[in-house]
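Fold and contact review
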Amino acid sequence: MASFEFVREHSPYKNREALLDDYTPDTLVGRDSELEEYHGALQPAIYGEQPDNIFLYGKAGVGKTAATRFLLDKLENNADDYDDLDIFTELVNCDGLNSSYRVASHLVNILRDPANRISETGYSRSQVYELMWDELDSHGGIILLVLDEIDHLKDDSILYQLSRARENENLTEARIGLIGISNDLTFRDGLSPKVRSSLCERSISFSTYDANELRAVLEQRREVAFKDDVLTDDVIPLCAAFGAQESGDARKALDLLLKAGDLAREENAEKVSEEHVRRGRDLLEREQVARGIADLNDHERLVVYALATLEAEGETPARSREIYSRYKALSEAARREALTARWLREHLDDLAMLGILSVSEINEGSAGGKYREYALQQDLAVVLDALEETLEAMGVHTSVKGYV
């Protein structure tokens, strides 16, 4: 077994953390127009004025959160030059804090001394709001609250309360600016009318990266992350091309570059090569599918298994009734009572949102009407590998024996 000292000498990295999700570069490339519009929306804060509420829309991995961290870091640094200016920022991920109550209690706790923090239970929502107003006003100044993945909020009460805080005389010293970040382009449409009218937000749309923009992003990170001349010439273009195929997702392109570098390091390779990129892509795909399927319950896994068997038989895209028939047969084989066809239709759409299935809307006019068809979005062998426990528990269906 090699010593760790020997292994360390062969690392291709000089700063691996530059490829991680929470790294904020000194400059952002490929987002010039979005940054200019975003900068303008934040500009009132440097004058001590309450900024507009801002909503950022765009698919995952297009730089919304990175741009927010980048601009807010600069805003806070610039604010230090003015004695009469107090700017405080807080980023809340609503995937973990998915209710108005939890967001409000989080705000109370980040503004309080650790020894005086409140629990997440035991208060009414109105009590938590009162505590929140007290802490916000005691802090004073400009407070910019970022609600990342805001579409995970189960209710919009906190949006209304914060956007109307001064108008309703809940705050007199602090000025609140809300920044919402969402991958759901229709999120605003689902808000109640009073929330939409009170937000009066500026909306900034982030477009997907093209391959050239992704190359610029990756080149920028390469200079910080890797030692000189350890990447072969085809690594960055290939990572960018795969990222462009993944709907212009910079995060996936960076993850792929990171995985390629890790594979090269594990093997003590002198260079990170195209072969590392291609193997890394396959490993990331398997990890993504495995994580998604691991979070499913037994019936949801049977739905995926049902579609996998149809895929193996060349019977996809398939309608929900065809998938239900196969799911019902698999449930009986697994000695489980099948759930309803309505339940299956609802969960097919959930599985599509997770990226496990793809869905197509078919419109055959007055003769055939509208309906949806589904297919696996991931490689069949990869999906079956992630369903290993299900296959072991109930056996391998005849149609997929050649894939496992």
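Below you will find a few notes about this structure.

Cut-offs applied
- Residues numbered from 1 in each chain as written.
- Predicted model: local features only at pLDDT ≥ 70, side-chain atom pairs only at ≥ 80, totals over all residues.
- Heavy atoms only, no water.
- Pairing = 2+ DSSP bridges.
- Helix = DSSP H or I, 4+ residues; strand = E, 2+ residues; numbered from the N terminus.
- Axes fitted to C-alpha atoms, helices over the stretch in contact; angles between N-to-C directions.
- Contact = heavy atoms within 4.5 Å.
- Salt bridge = Lys/Arg side-chain N within 4 Å of Asp/Glu carboxyl O.
- Buried < 20%, exposed > 50% of the residue type's maximum accessible area, 1.4 Å probe, protein only.

1. Points about the sheet that holds strand 5 (residues 202–205)
Pairing in this open sheet of five strands is parallel, and the strands run 2-3-4-1-5 from one edge to the other. Among the strands making up the open sheet, the edge pair consists of strand 2 (87–93) and strand 5. For this sheet the average axis-to-axis angle between neighbouring strands, irrespective of direction, equals 15 degrees. Relative to strand 4 (residues 174–182), strand 1 (residues 54–57) runs parallel, the two being bridged by four bridges. Following the sheet pairing, Ile54 is matched in strand 4 by Ile179. Helix-sheet contacts for helix 2 (residues 32–42) involve strand 1, strand 3 (141–148), strand 4 and strand 5, and the interaxial angle to strand 5 is about 160 degrees.

2. Details of the pattern of salt bridges
Pairing between side chains becomes possible if they bear opposite charge and their charged atoms approach one another. Inspection of the entire model under this criterion finds 22 salt bridges. Arg202 is the salt-bridge partner of Asp52, the closest N and O atoms lying 3.9 Å from each other. Here the residue Asp52 occupies a position in the loop between helix 2 and strand 1, and Arg202 occupies one in strand 5, the gap between them amounting to 150 residues. Assessed through its relative accessible area of 35%, Asp52 is described here as partly exposed. Glu219 serves as the salt-bridge partner of Arg222, at 2.9 Å between the closest nitrogen and oxygen. Here the residue Arg222 and the residue Glu219 both occupy positions in helix 8 (residues 211–225), the gap between them amounting to three residues, near one helical turn. Overall, the relative accessible area of 30% leaves Glu219 in the partly exposed class. When salt bridges that share partners are traced, they join Asp21, Arg251 and Asp255 into one network.

3. Re the side chain of Thr68
Tracing the sequence through the fold places Thr68 in helix 3 (residues 64–79). Accessibility expressed as a relative area gives 1% for Thr68, which makes it buried. When near neighbours in sequence (up to four residues on either side) are disregarded, Thr68 contacts Tyr38, Leu56, Val146 and Ile181.

4. Looking at the sheet that holds strand 8 (residues 370–376)
Read across the open sheet, the three strands follow the order 6-8-7; overall the sheet is antiparallel. Pairing within the sheet leaves two strands with one partner each, and these edge strands are strand 6 (318–319) and strand 7 (357–363). Strand direction decides the pairing type here: strand 7 and strand 8, joined by seven bridges, are antiparallel. Bridged to Ile362 within strand 8 is Tyr371.

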